Structures are given as structure tokens and as C-alpha cells.
Amino acid sequence: MAEIEMPGDEVQRLGELLGRVVELIDTRPSGYNPADVGPPLVRPGTDFDEAWKDGRVQVKRNSKDLKDGCDAIVKAFAEFDTGMGSSLKEGGQGTGGDPTPSGGGARPAS
């Protein structure tokens, strides 16, 4: 049987971090004053800050979509794992016995 290796902890952590991005994306640094960057940079800095508002919306939306995807992956693998464990127990695989392999034939001698 092929093994499926899923880095569940890492995917779950990524989802948590993306959730944090969604929470923090609208925050602004406290005490920011465009004049503090000096006269040559006041206008470009202000222009960037205004333009970034649209970028924040896009990054927030995309981060939320990615977080939802991570959550769905973790949930799907957990459900699959639970279902697979249940089916193994129901089939006698989890009871410590030596069940006949699928197909109903006798188990080959070792």
C-alpha cells in the first residue's frame, strides 16, 4: 500500500500564520509621520501609502483564501485518517489478528 505523507503540522501552522496576516494587514505603524522621512520623500511616501490601501485589500483577500485552503486540507486529511483507521478496525486489521488479505483467498505461506 502506498503511503501518503502529509505535513499536517506545517500546513496547520501556515494557516495560522495566514490568519495572523489577515488580522494585521489593516494596521498601520503607530506614530508614523510622513514628515519624519524628510522633504524629498514625503510625497512618494504618502503616494505609496495611498496606493498600498488597494494592495492591502488584495493581500487580505488572497491570504484569507489561502488560510481557508489550508484549513480544508488539514480537515480533509484528518477525516481521511479517521475513516481509514475505522475501516482497518472494522476489517480486523486493528485487533492484532492475522486477517486474510483482500480478495478472499488463503494467505500465502511465508
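Everything discussed here concerns the structure shown above.
A few points on the structure. (Residues numbered from 1 in each chain as written. Predicted model: local features only at pLDDT ≥ 70, side-chain atom pairs only at ≥ 80, totals over all residues. Heavy atoms only, no water.)

## Digging into the overall build of the protein chain
For the record, the criterion: A run of H or I in DSSP counts as a helix once it spans at least four residues, and a run of E counts as a strand once it spans at least two, with each numbered from the N terminus. We call a residue buried when its accessible area falls under 20% of the maximum for its residue type, exposed when it is over 50%, and partly exposed in between, using a 1.4 Å probe and counting protein chains only. Only heavy atoms enter the contact rule, under which two residues are in contact if any of them lie within 4.5 Å. Calculation of accessible area relied on Shrake-Rupley with a 1.4 Å probe; when residues are assessed, cover is drawn exclusively from the protein chains displayed.
Helix and strand counts for the protein chain come out as two helices and zero strands. Taking all 110 residues of the protein chain together, the buried fraction comes to 12%. For the protein chain, contacts bridging at least 24 residues in sequence account for 64% of all contacts bridging at least 6. Here the protein chain has roughly 8,800 Å² of accessible surface; of this, 57% comes from carbon and sulfur atoms.

## Let's talk about helix α2 (residues 39-90)
Here is the rule we go by: Helix span, expected: 1.5 Å multiplied by one less than the number of residues in the helix. Fitting axes to the seven residues ending at a residue and to the seven starting there, one defines the bend at that residue as the angle between these axes.
Taking 1.5 Å per residue, 52 residues should reach 76 Å; α2 reaches 74 Å between its end C-alpha atoms and fits that length. Largest kink in α2: about 30°, centred on K53. Among all positions of α2, only D49, G55, R56, S63 and C70 are buried. Turning to α2, the residues buried within the fold contact α1 (8-24).

## Focus: the side chain of R56
Residue placement: R56 occurs in helix α2. Given the relative accessible area of 10%, R56 is considered buried. Not counting residues up to four positions away in its chain, the partners in contact with R56 are I25, D26 and D49.

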